[in-house]
Amino acid sequence: MLTVIFSSFNGEATVGRLLAACCELDAPLGGWHLIAVDNGSTDRTGTIMRSFAERLPITVLNVARRGKNRALNEAITHARGTLFVFTDDDVIPDRRWLCAFDEAARAHPEYGLFGGAILPRWPRPPDAWLLADVPLGMVYAITDPALRDGEVGNGRVWGPNMAVRRSIFDQGARFCADVGPDGSRLYRMGSETEFTQRLARAGIKAWFCAQARVEHIIREQQLEADWILQRFFRHGRAVYASEKRGATGVATVFAVERWMYGVAIRSRLRALVFRLRNRRRDWFAAMREYHFTRGMIHQARQQRARSGGSGGGTGNA
């Protein structure tokens, strides 16, 4: 027995496609159960979830306080079986998805974390500049097509397609509620990566299962530069939180390392020049750097506020 878990906030555009595909899944040995969490939606997400009650072994939970990781943590307390499979509300799983994870978990008992292949389902062929200049893994959670079955770093296991042994949660592991989608535009991304890196530090190894495949539904608006640049902002937050951990021994302005303001200003000015010269790829590269640095600045301020610092001047942290 295994349990599939996902959370959705206002996912009516895609959640029905996910659940319809789940109706076609081959059942793994011992069967499976599905927990769908309506995370404070204001659209028809919950209604769509409940409409599958007669077609799927589904339990629908309501978690009003927004935050994907809060929702997942609640679902974990209701899950059954020895393997928990996590996904998102905008994927289409392969028919043998669960069987592949189940077989990998049985064949490799020394591994506690499992990742599967994530392929793009584009709304149309993407523009050449996007494929050339956008990191598909960071922006769309698309796994490297060259990955094959075998041990991988925990950071290569991503939220739309990952499985974790129940025993890890029985020992107290949970997702960090301060990370991940929460209904806002400014959330810090990397919620699953934060979790899998904690598991790595605890000695939990990861196995990649290439046959456990899902397609990630890419929406038309997600091909636009503005949407992509917002991902760079969130990525900047995640990188600062995981690597910087606050300024130490460097000049700061309002609790932020001073050099980051310089990078942000210079990249924004370069972007303006490139736009005036109609150099789109150079403009996009400069804007990527600008939004990434903005995200780092935002996270630095957040961490300073949580630590109780005043952040009210210039000095050395």
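Residues numbered from 1 in each chain as written. Predicted model: local features only at pLDDT ≥ 70, side-chain atom pairs only at ≥ 80, totals over all residues. Heavy atoms only, no water.

A. Representation of the environment of Arg174 in the model. Residue position: Arg174 is located in the loop between helix 7 (166-170) and helix 8 (191-201). Take Arg174: its relative accessible area is 30%, and that puts it in the partly exposed class. For the pair Arg174 and Phe195, spaced 21 residues apart in sequence, the C-alpha to C-alpha distance is 7.7 Å. Setting aside its immediate chain neighbours within four residues, Arg174 contacts Asn73, Ile76, Phe169, Phe195 and Arg198. A distance of 3.0 Å separates a polar side-chain atom of Arg174 from the backbone oxygen of Phe169. (Helix = DSSP H or I, 4+ residues; strand = E, 2+ residues; numbered from the N terminus. Buried < 20%, exposed > 50% of the residue type's maximum accessible area, 1.4 Å probe, protein only. Contact = heavy atoms within 4.5 Å. Polar contact = N/O pair within 3.5 Å; in protein donor to acceptor, adjacent residues only side chain to side chain.)

B. Molecular detail of the pairing of strand 1 (residues 2-8). For strand 1, the buried fraction is high: seven of the seven residues fall into the buried class. Here strand 1 shows two buried faces, one formed by Leu2, Val4, Phe6 and Ser8 and the other by Thr3, Ile5 and Ser7. Following the chain from strand 1 across helix 1 (residues 15-22) to the adjacent parallel strand 2 (residues 32-38), one finds a crossover that is right-handed. As defined by bridge partners, strand 1 adjoins strand 4 (residues 83-87) across four bridges and the pair is classed as parallel. Of the residues in strand 4, the one forming a bridge with Thr3 is Phe84. (Right-handed = clockwise from strand over helix to strand, strands pointing away. Pairing = 2+ DSSP bridges.)

C. Representation of helix 10 (residues 258-276) within the structure. The end-to-end C-alpha separation of helix 10 is 28 Å, in line with the 27 Å expected for 19 residues at 1.5 Å each. Along helix 10, the residues that are buried comprise Met260, Val263, Ala264, Ser267, Ala271 and Phe274. Around the axis of helix 10, the buried residues are gathered within 100° of arc, so they sit on the same side. Away from its buried face, by an angle of more than 90 degrees, helix 10 presents the exposed residues Ile265, Leu269 and Leu276. Immediately beyond the C-terminal end of helix 10, within one or two residues, lies Asn278, with a positive phi of roughly 60°. (Expected span 1.5 Å × (residues − 1). Arc of directions from axis to C-beta.)

D. Structural view of the side chain of Asn39. One can find Asn39 in the loop between strand 2 and helix 2 (45-50). Overall, Asn39 belongs to the buried group, its relative accessible area being 3%. At 2.9 Å, the side chain of Asn39 and the backbone oxygen of Arg65 are in polar contact. Ignoring any residue separated from it by four or fewer positions in sequence, one finds Asn39 in contact with Ser7, Ser8, Phe9, Val63, Arg65, Arg66, Gly67, Lys68 and Ala71.

E. Geometry of the pairing of strand 8 (residues 161-165). Burial of strand 8 is extensive: five of the five residues sit out of reach of the surface. With five bridges joining them, strand 4 and strand 8 adopt antiparallel strand pairing. Across the sheet, Leu83 pairs through a bridge with Arg165, a residue of strand 8. Pairing of strand 6 (residues 113-121) with strand 8, which is carried by three bridges, proceeds in the antiparallel orientation. Counted as the bridge partner of Leu113 is Val164 from strand 8.

F. Expanded view of the pattern of salt bridges. Tallied over the entire structure, the rule returns 16 salt bridges. A salt bridge links Glu192 to Lys68; its shortest N-O distance comes to 2.7 Å. Placement of Glu192 in helix 8 and of Lys68 in helix 3 (residues 68-76) is noted, with a sequence separation of 124 residues between them. Given a relative accessible area of 13%, Glu192 falls into the buried group. Asp102 is the partner of Arg106 in a salt bridge, and the nearest nitrogen-oxygen pair spans 2.9 Å. With Arg106 and Asp102 both in helix 4 (residues 97-107), this residue pair falls four residues apart, about one helical turn. The buried category is assigned to Asp102, whose relative accessible area is 10%. Each of the salt bridges in this network shares a partner with another, and the network as a whole consists of Lys68, Asp88 and Glu192. (Salt bridge = Lys/Arg side-chain N within 4 Å of Asp/Glu carboxyl O.)

G. Summary view of unusual backbone geometry. Phi at Asn10 takes a positive value of approximately 50°, unusual for a residue other than glycine. Examined against the element boundaries, Asn10 turns out to sit in the loop between strand 1 and helix 1. What makes Asn10 partly exposed here is its relative accessible area of 30%. Phi at Ala141 is positive, roughly 55°, even though this residue is not glycine. Relative to the elements of secondary structure, Ala141 occurs in the loop between helix 6 (136-140) and strand 7 (150-152). When its relative accessible area of 12% is taken as the criterion, Ala141 is described as buried.

Take it as geometry only, folks, not as evidence of what the structure does.
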